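# A structural walkthrough
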Amino acid sequence: PSQSVHAIDLNDVSTGWHPLPALPCECIFPRAVAIDNAIHVLAYKDSTHTWGTEVLSLDMTTTASSSTTALSTTSQWARNTIPQVPLAACAPAVVNGQVVVVGGFTPGKPGDVQKSVFVYHSESGQWLPLPSLNTAIKNALVVAYNNKLVSFGGSGQTYLLSGIEILQVA
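Residues numbered from 1 in each chain as written. Predicted model: local features only at pLDDT ≥ 70, side-chain atom pairs only at ≥ 80, totals over all residues. Heavy atoms only, no water.

Looking now at the overall build of the protein chain. Tallying secondary structure elements over the protein chain gives 0 helices and 15 strands in all. Within the protein chain, the fraction of its 170 residues that count as buried is 41%. Pairs at least 24 residues apart make up 39% of the contacts formed inside the protein chain by residues separated by at least 6 positions. As displayed, the protein chain has an accessible area near 9400 Å², and 54% of this comes from carbon and sulfur atoms. (Helix = DSSP H or I, 4+ residues; strand = E, 2+ residues; numbered from the N terminus. Buried < 20%, exposed > 50% of the residue type's maximum accessible area, 1.4 Å probe, protein only. Contact = heavy atoms within 4.5 Å. Areas by Shrake-Rupley, 256 points an atom, 1.4 Å probe, with all protein chains shown as cover.)

Attention now goes to a nonpolar patch on the surface. Taken together, the side chains of L141, V143, F152 and I164 define a hydrophobic patch exposed on the protein surface, amounting to about 350 Å² of accessible area. Inspection of the secondary structure assignment puts V143 in strand β13 (residues 141-145). (Patch = residues over 30% accessible without salt bridge, like charges linked within 9 Å, V, L, I, M, F, W, Y side chains within 5 Å. Salt bridge = Lys/Arg side-chain N within 4 Å of Asp/Glu carboxyl O.)

What follows concerns the environment of F152. Among the secondary structure elements, F152 is positioned in strand β14 (residues 148-152). By relative accessible area, F152 is classed as partly exposed at 33%. Put simply, F152 and A91 are 61 residues apart on the chain and 9.8 Å apart in space, counted from C-alpha to C-alpha.

Before going further, it helps to examine unusual backbone geometry. Backbone geometry follows two general trends: most residues other than glycine have a negative phi, and most peptide bonds adopt the trans configuration. Of note in this structure, A89 is not a glycine but carries a positive phi near 55 degrees. With respect to the helices, strands and loops of the structure, A89 is situated in the loop between β8 (77-79) and β9 (91-95).

Another aspect to go through is the nonpolar core. Ranked by internal contacts, the top residues of the largest apolar core, which has 14 residues, are L42, V85, C90, V99, V101 and W127. For this core, the secondary structure elements donating two or more residues are β2 (28-35), β3 (38-45), β10 (98-102) and β11 (117-121). Leaving out residues up to four positions away in the same chain, V101 has contacts with L42, V85, C90, A91, P92, S116, V117, F118 and W127. If you look at the next biggest cluster of nonpolar residues, it comprises 13 residues, including A93, V117, L149 and V169. (Core = buried A, V, L, I, M, F, W, Y, C linked by side-chain atoms within 4.5 Å.)

Strand order in this open sheet of 3 strands is β13-β14-β15, and the pairing throughout is antiparallel. Each edge of the sheet is formed by a strand with only one pairing partner; in this case those strands are β13 and β15 (164-168). Here the strands of the sheet are splayed against their neighbours by 20 degrees on average, with no regard to which way each runs. Strand direction decides the pairing type here: β13 and β14, joined by 5 bridges, are antiparallel. Within β14, the position partnered with V143 by the bridge is V150. (Pairing = 2+ DSSP bridges. Axes fitted to C-alpha atoms, helices over the stretch in contact; angles between N-to-C directions.)

Sheet strands line up and pair through hydrogen bonds in the backbone, either parallel or antiparallel. Spatially, 4 strands are ordered β9-β10-β11-β12 in an open sheet, and the strand pairing comes out antiparallel. Every interior strand has two partners, whereas the edge strands, β9 and β12 (126-130), have only one. If you compare each strand with its neighbour and ignore which way they point, the axes differ by 30 degrees on average. Bridge count for β10 against β11 is 3 bridges, and the pairing is antiparallel. Along β11, the bridge assignment pairs V101 with F118.

Quick look at the packing of aromatic side chains now. With the rule as written, the count across this model stands at 1 aromatic pair. Ring centres 5.4 Å apart and planes at 55 degrees place the aromatic pair Y120 and W127 in the tilted group. Here Y120 falls in the buried class, since its relative accessible area comes to 12%. Relative accessible area serves as the criterion here: at 12%, W127 is assigned to the buried category. (Phe/Tyr/Trp six-rings, centres within 6.5 Å; stacked < 30°, edge-to-face > 60°.)

Here is the structure:
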């Protein structure tokens, strides 16, 4: 779906929520990060309840005018500016200026819950492995803290998890 968007003064959004361009597809349970003046939706369920691993990106680069900094009205979502994420239902975070995804399952195989952790290496354009989790998880929450990743909860194949794990990221 397309949506008309007016220029938005990003220095003053105190008057409430403002519309941005609509996603190119319906997204249920989206996982997203913001880095390098862009928002990246890394994993989501579409309207057919299928986990997508295509990356959707919105360039948030602003254009300066005499009195405001505005998001360009021509900003639109682009597909796969970052290669597809290797895991569905993963938890993304940004640490040390890099996008990381934690846990999830092999796309198309919801029962194949993973311990995997990947970092996006922008120079090579590839997702590279980091040390694996101790427990396979999906639908977890991950936050970056002082060059570390902290993973909270989520679920395994058939059970909910209350565990927390931490990883130092170089």
